[in-house]
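Results of the structural survey
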Number of protein chains: 2
Amino acid sequence: MSVEKHKLVYFFGEGGTEGDASMRELLGGKGANLAEMTKLGVPVPSGFTITTDVCGYYYENGRQYPEDLKSQVLENIRKLEKDMGMSFGDNKNPLLLSVRSGAAASLPGMMDTVLNLGLNDETVKGLIAKSGHERFVWDSYRRFMQMFSDVAMGVDHHHFEAELELLKSEKNVKNDLDLSAEDMKALVERYKTVYKKLKGEEFPQNPEDQLWKAIEAVCESWNNDRAIAYREMNGIKNLKGTAVNIQAMVFGNMGEDSSTGVCFSRDPSTGENVFYGEYLINAQGEDVVAGIRTPRSMTKEASCAWAANNQVSEEVRLRDFPSLEEVMPEIFKEIVRIKDQLENHYTDMQDMEFTVQQGKLYFLQTRRGKRTAQAAIKIAVDMVNEKLITKEEALLRVEPEDLDHLLHPVFDPNVSKNVLTKGLNASPGAAVGKVVFNAEDALQAKEEGIRTILVRVETSPEDIKGMDACDGILTARGGATSHAAVVARGMGKCCVAGCGDVLIDYKSQTFKVGDKVVKKNDFISLNGSTGEVILGEVPTIEPELSGNFATLMSWADSIRKLKVRANADTPKDSKVARDFGAEGIGLCRTEHMFFEGDRITSVREMILSDTLEGREKALSKLLPMQENDFYNIFKEMIGLPVTIRLLDPPLHEFLPHTESEIRSLSEAMRLPYQVLANKVEALHESNPMLGHRGCRLAITYPEIYDMQVSAIMRAAIRFKKETNEDIIPEIMIPLVGKSEELSILKANATKIIEAELKASNIELSYLIGTMIEVPRAAVTADKIAESAEFFSFGTNDLTQMGCGFSRDDAGSFLKEYVRKDIYGEDPFQSLDQEGVGELMKIAMKKGLSVNKSLKMGICGEHGGEPSSIDFCHRIGLNYVSCSPFRVPIARLALAQAAIRND
Amino acid sequence: MSVEKHKLVYFFGEGGTEGDASMRELLGGKGANLAEMTKLGVPVPSGFTITTDVCGYYYENGRQYPEDLKSQVLENIRKLEKDMGMSFGDNKNPLLLSVRSGAAASLPGMMDTVLNLGLNDETVKGLIAKSGHERFVWDSYRRFMQMFSDVAMGVDHHHFEAELELLKSEKNVKNDLDLSAEDMKALVERYKTVYKKLKGEEFPQNPEDQLWKAIEAVCESWNNDRAIAYREMNGIKNLKGTAVNIQAMVFGNMGEDSSTGVCFSRDPSTGENVFYGEYLINAQGEDVVAGIRTPRSMTKEASCAWAANNQVSEEVRLRDFPSLEEVMPEIFKEIVRIKDQLENHYTDMQDMEFTVQQGKLYFLQTRRGKRTAQAAIKIAVDMVNEKLITKEEALLRVEPEDLDHLLHPVFDPNVSKNVLTKGLNASPGAAVGKVVFNAEDALQAKEEGIRTILVRVETSPEDIKGMDACDGILTARGGATSHAAVVARGMGKCCVAGCGDVLIDYKSQTFKVGDKVVKKNDFISLNGSTGEVILGEVPTIEPELSGNFATLMSWADSIRKLKVRANADTPKDSKVARDFGAEGIGLCRTEHMFFEGDRITSVREMILSDTLEGREKALSKLLPMQENDFYNIFKEMIGLPVTIRLLDPPLHEFLPHTESEIRSLSEAMRLPYQVLANKVEALHESNPMLGHRGCRLAITYPEIYDMQVSAIMRAAIRFKKETNEDIIPEIMIPLVGKSEELSILKANATKIIEAELKASNIELSYLIGTMIEVPRAAVTADKIAESAEFFSFGTNDLTQMGCGFSRDDAGSFLKEYVRKDIYGEDPFQSLDQEGVGELMKIAMKKGLSVNKSLKMGICGEHGGEPSSIDFCHRIGLNYVSCSPFRVPIARLALAQAAIRND
């Protein structure tokens, strides 16, 4: 990139403002908003912004600046001096500067700042003469020395703090405020000595040198460890660097007619349309944040409410904690005027900083205010009612992912927590319970009314009942799409997965984290939204879905183009899904039912039988149970489509694997140990993911699907007979890779269906379709579409096979892949649009070329993830299907996709 | 299908011949050739053929014939009667018929035949009167009754044979020939009684009824168990059914002026251009085949040679074993004339049957003669020299797969074998040795000069040295592309894999098959071409590659468009490959080298190290060893390209897995058991196929590839310095799924390469490319081609991921898939052109769209399989790469592909 001939610096102030809010990429968020405020006539200390291009150039060119930068900066300094009527480095009337970072995305507190720049042994004198506040000036100088040395010169601040402490102990005072102007002056001398000793040179006196060092420090801080880590954690990518904002200093600590504060145009935690903020008299911005002094409320109303809460008398309140409204009524009015102006201008709730210097108000910052999910929804809905924004804008204002916080219980934020370790935030919510290490204990505890957290190295389908019975799940192994995570999300159950620190010893029924040992029946708490594992019982708060939530969702529904279905395997899940707005079931997994009650015994009988007759006998016991399963789900989903996936997992998942488990099952089944062990061994697979499962089972054992199809049809027939309501079962055949698999199994199913219908004398529509989850199926979708009435993209497996990643194993390298930006995000969490998406596009194109009315949806985990949902909208699927608890997220995300793309 | 208005019957004979050799699909091989011979003027008993369409219709329409069939058959019977001057069912001059099957593909002996049809109590009398051979006629009648009852009426032939035996014992004679005409007549009566008793009705007397029953029997025999099994075994698919050939009977057993024989126009076992065949006087065709009487040679020369070999005097020879040339010189001359005519007409070696009835010669069949691979080559080359066929035709005459038999030792076919069981014919050849159960024993035995067969449940890379040391490999688990199979084929070593009957007990060092126990050091023999496991030592014969082989290969080389490279990992393999005509190495796997000598210790050190420094230290020990590996391969491949694949397998493949193995390694490495066990556990993967391997290793541990790239370049530089010959190393990065993987690793490699070149002051060309084996890579090949200089399709893994089949596990259902014709063939053996091929085509199109000069090849196992090679030719790859021993097969298959497609 060459920016040498470009404009590198943008001025804002009376001398003319060159930027505006739209130039966020180039000027950073702070710089763009400072320019915008200036243009709006809001009082802002003048200044200028060095563009993010300069920082990008700096890193691309071996830490050199573009040639023009120097002259452009000096030119802007001259403009600034003119604006402020002061001179940078002038002994009489010195202009002091703040030098701050500010990228296009917010990296709060991660980068460096230098304040009070321009002070030296000479300007100090001028400033004292001008301001008449000697102590304030010496204090500012020594603060500048410490900050500048630390940030720009590599001299750690603790060297200076040690001198300050030493002086205080010499003077026998406790508080900085107790040091006099003389003390501060002496401290400056001591700082100089420290600096010289450590750097071997004098502290820089030339303001221009100071400025360039500070600019360099800000640019460097773009790539400090904290900033890199924050960007990684928050997925902030593709930014060139930070802008550098250089602005005239203003001081809120120049006496009782000065003050500083932070305020929000509405309440950021409830969203209520009330002015909210705090201020301090005679203080600097950092004092409000640092919490040394108790900040006071801006409004009288809030101040009185605070006093009432804290049993402070009106007399004391007025003396010690008056509101700004009362102390500086004119200034307060002005602030209210400006905050209204800014909110109306930006049409969003604003987070603002202001300073009053000797009776004059300055705004130092405005930005979009961070808010809770609940507040986000209220503000969005209110602003539509206030005609500030459109419904479409309102829908874009709420992060779909944030809805998740509203749908699950959360920990009381006011209670302190003893965090033991952190794992993957696999399924949100808050759970508290006694530790148990197996499904049976969880079940038994549930019967006794005891809440439990099920702790496992990893879970398997055998644990399903225990997972259902417990309150939360903690696993030591597995990622966001591990069995535990997927099942837990489906159940809306809190889960922390892949917590590698947790060393489980099943034998002693304990787990260790470091040297902490947690025993069976000890209480722990899981935060599924953060991944935290907490010792003891943390109190939780149940969420309430307010009317605003429903309003927003109704707007979303009126705008989105795709349907939303749920992945639900039980009547209970189906009900939850329907309550959350699901318009059908996109994936009903039948294998989970195989573990319920006594069925597993029949399932195992079927597997262990070597003859067709034996298998059919065992299956005939399952048939009425499965029929009931489906019947009860149909009842919950009256009028809506239900897609049922026939058996998918390999048969060995239904058998135990360890010697002791095999032994105990062999005793329970009265089977010789060796017979069972041999079967387990025979079914063992090196790569079960690519093994004998899905429709492959039905090719070799057609009787399994035959039973399931019978059960589905009998349930549908019974349902129709009893209710006279229509139900359209959609039978989905998994893992099809070759059209012949589908055509054979469809023919089998059709035969059974027609026989059931004929026997019942009932007419029913039904569909037979397939999952597209094998890459081969995607690239031969034209052949497959000849037999399929619908495609459902199983993007979990399509990602596994398409990318060649086992979701159980990829944890060992996928983090590194995301860190190195090989994959922008974990492809199991956010659909790999370039690769897996390409397979989907190929499949759609080929499928539609044969069958224009082919219905297409997605039922992988990605169906509930906003960026993946956006992709699904763009390629034109008919529906997305996701966990019940993600249905509202999908509804909103689909509306946003429609607004953004159409 | 509706054939009602079609022509269903084709006549051949003097009355006009309606078919010809080109109508094989419709008339079957036999019918088409009977028509063709008739047209050529060869004496053939007249007859007609009911088309294969009729059989197809029969099965598609609930075993009904097309409406027209009856009238068309009767019409043709009339024509036939006219031709032969006899009448079907006539009491005076009865026409007898043979009714034979004959499909488009040969199913030798699998379907049914009825001879002498038309005989009944009346026609018998007429025939006796006409022929004057009473005994012959009664014998024919009772033979017809037995055959017809068995084949057409469901009365098992043993009921009749029992009557025959009874009569012989009553008459106190041993031989059928000792029964008189009266006896035969009596037997007919007894047969009638048997028939009536079992069927409850009289034996059918109406010739027309007999005919329709016989036609039905032939059609039914298309789907008897034997025929179905044979078609499955030989991959015969997509045929509608069998034709039915109805022909006037002729008799070779009407006295001393009658005879019958089978002959080949050239020697089918050596290919020599000599007339070869056998005949019998006064006999029927089945007598020659059945071996009751010793057949005699056709030619005097062969007869004399036979006599000399069997120490038969000229006198005895002339009396008991004269040649047809001597006995019937005129007939012999006529046969020679006709066989020359037929061979010239068909321009291929013919297999013919003839009958002489009372001095008149008839040809009953001609077809392409089956031949050994050696004969096929000699005949093809000779026929080009004789100007009978072109070189292109010659190349199409040899089955590429058959060459395999010429390249490996084979068992002496004249020795009887005690076959213990049969597994997969994983790698061809014959091997004999003492049973050992681990690599160490194989190595030690080799040092002592003892031949061994390594018997393992399955093999892993740790067994490589043992696999190299032994003479053959037998595994209980794994398919045609299992580790054992792939490595063995690469080594040209005999291997029988996936032999499920073999139950190995490592502890007692024995294996069991059923109740047979084989102990360590027992001799067994393996036939890698058939999969047979044989008890004891079977003597072997070493192959000789004749001049004709070289001639044919040179023709192939001049015609084929694609290059042939070899998959070779060692200098030894490289030499074999080059000797077999390889034009470079397409895949040199570096991981096999990691197991040689002491390197595995350094490899394990590297894996067990938790620090970069530790890993680099261990790798630095490997560097000079790898350099030597590559140097020695370059020496074998002077002037040819060598593609080296960087490390591919997951690291856990280099560590032991069972507790005892881990324990003994921990002792050897002086490491605490638990440290090693923890590492093994940490590296464990649920689906290693989709795990942390290939380029993913290098993304997380770049130092591994860095070392390998250094070693490659140092070897190339040293080679060039020493020989002044150029070598172009092609560095291949495996398992790339996303372009960023390749661009990052290419940049790493380029840095190392340029540093090595700079240090050496040598100029060398090199290429960096990738395997396309992840489906994602195929569908984003345009992105990947931006960094790749070549693509090599790794179709083994592309099949695994594309189809979602683990090659280690798919055995459990893939056989069923092939049986049900879901996949035409095992996709690991023969490329799945529709699916995996589609991924290849997508990748090529996208790759070439970015880089027109992108070099593309295939290095999966499919690179050595003819139908896959044909596909590679059609889609326009630049080369195929295969096991050294398959290089000649690939050369021929590529020539055939060029001839067929261009």
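Structure's up top.
In this report, the structure presented in the accompanying data block is examined. (Residues numbered from 1 in each chain as written. Chains lettered and ligands numbered in written order. Predicted model: local features only at pLDDT ≥ 70, side-chain atom pairs only at ≥ 80, totals over all residues. Heavy atoms only, no water.)

**So, the sheet that holds strand β7 (residues 276-281) of chain A**
Residue and element names in this part refer to chain A. Spatially, the 5 strands line up as an open sheet ordered β8-β7-β6-β9-β10, and their pairing is antiparallel. On the outer flanks of this sheet lie β8 (296-297) and β10 (360-368), each paired with one strand and no other. Relative to β10, strand β9 (residues 350-357) runs antiparallel, the two sharing 8 bridges. Residue pairing across strands places D351 opposite R367, the latter belonging to β10. Here helix α14 (residues 329-346) sits on the sheet and contacts β9 and β10; the angle it forms with β10, its principal contact strand, is near 30 degrees. (Pairing = 2+ DSSP bridges. Helix = DSSP H or I, 4+ residues; strand = E, 2+ residues; numbered from the N terminus. Contact = heavy atoms within 4.5 Å. Axes fitted to C-alpha atoms, helices over the stretch in contact; angles between N-to-C directions.)

**Some words on helix α9 (residues 225-233) of chain A**
Residues and elements named next belong to chain A. Residues A227, Y230 and R231 constitute the buried set of α9. Here the buried residues of α9 occupy an arc of 100 degrees about the axis, which is enough to place them on one side. Exposed positions of α9 whose direction lies more than 90 degrees from the buried face are D225 and M233. Residues of α9 that are buried sit in contact with α8 (207-221). Measuring from the side-chain oxygen of the N-cap residue of α9 to the backbone nitrogen of R226 gives 3.1 Å; that N-cap residue is N224. Just past α9, the residue G235 takes up positive phi, approximately 60 degrees. (Buried < 20%, exposed > 50% of the residue type's maximum accessible area, 1.4 Å probe, protein only. Arc of directions from axis to C-beta. Polar contact = N/O pair within 3.5 Å; in protein donor to acceptor, adjacent residues only side chain to side chain.)

**Considering the relation of the copies chain A and chain B**
The operation relating the two chain copies consists of a rotation about an axis and a shift along that axis. The transform that puts chain A on chain B rotates by 179 degrees and translates by 0.0 Å along the axis, for an RMSD of 0.3 Å. In symmetry terms, the pair is related by a two-fold rotation axis. Judged by C-alpha distance, N687 of chain A is the residue of chain A that lies nearest the rotation axis, at 2.2 Å. (Least-squares fit on C-alpha atoms with pLDDT ≥ 70 in both.)

**Comments concerning the interface of chain A and chain B**
Listed as interface residues are 49 residues of chain A and, on the opposing side, 49 residues of chain B. For the pair chain A and chain B, the summed buried area comes to about 4300 Å², and 54% of that belongs to carbon and sulfur atoms. Counting the contacts that link chain A with chain B gives 10 salt bridges. For D832 of chain A, the salt bridge is made with R776 of chain B, and the minimal N-O distance between the two is 2.5 Å. The tally of links from chain A across to chain B stands at 32 residue pairs in polar contact (both at pLDDT 80 or more). A breakdown of the residues in the side of chain A that touches chain B according to their chemical character gives 18 nonpolar, 13 polar and 18 charged. (Buried area = accessible area lost by both parts, 1.4 Å probe. Salt bridge = Lys/Arg side-chain N within 4 Å of Asp/Glu carboxyl O. Nonpolar A, V, L, I, M, F, W, Y, C, P; charged D, E, K, R; others polar.)

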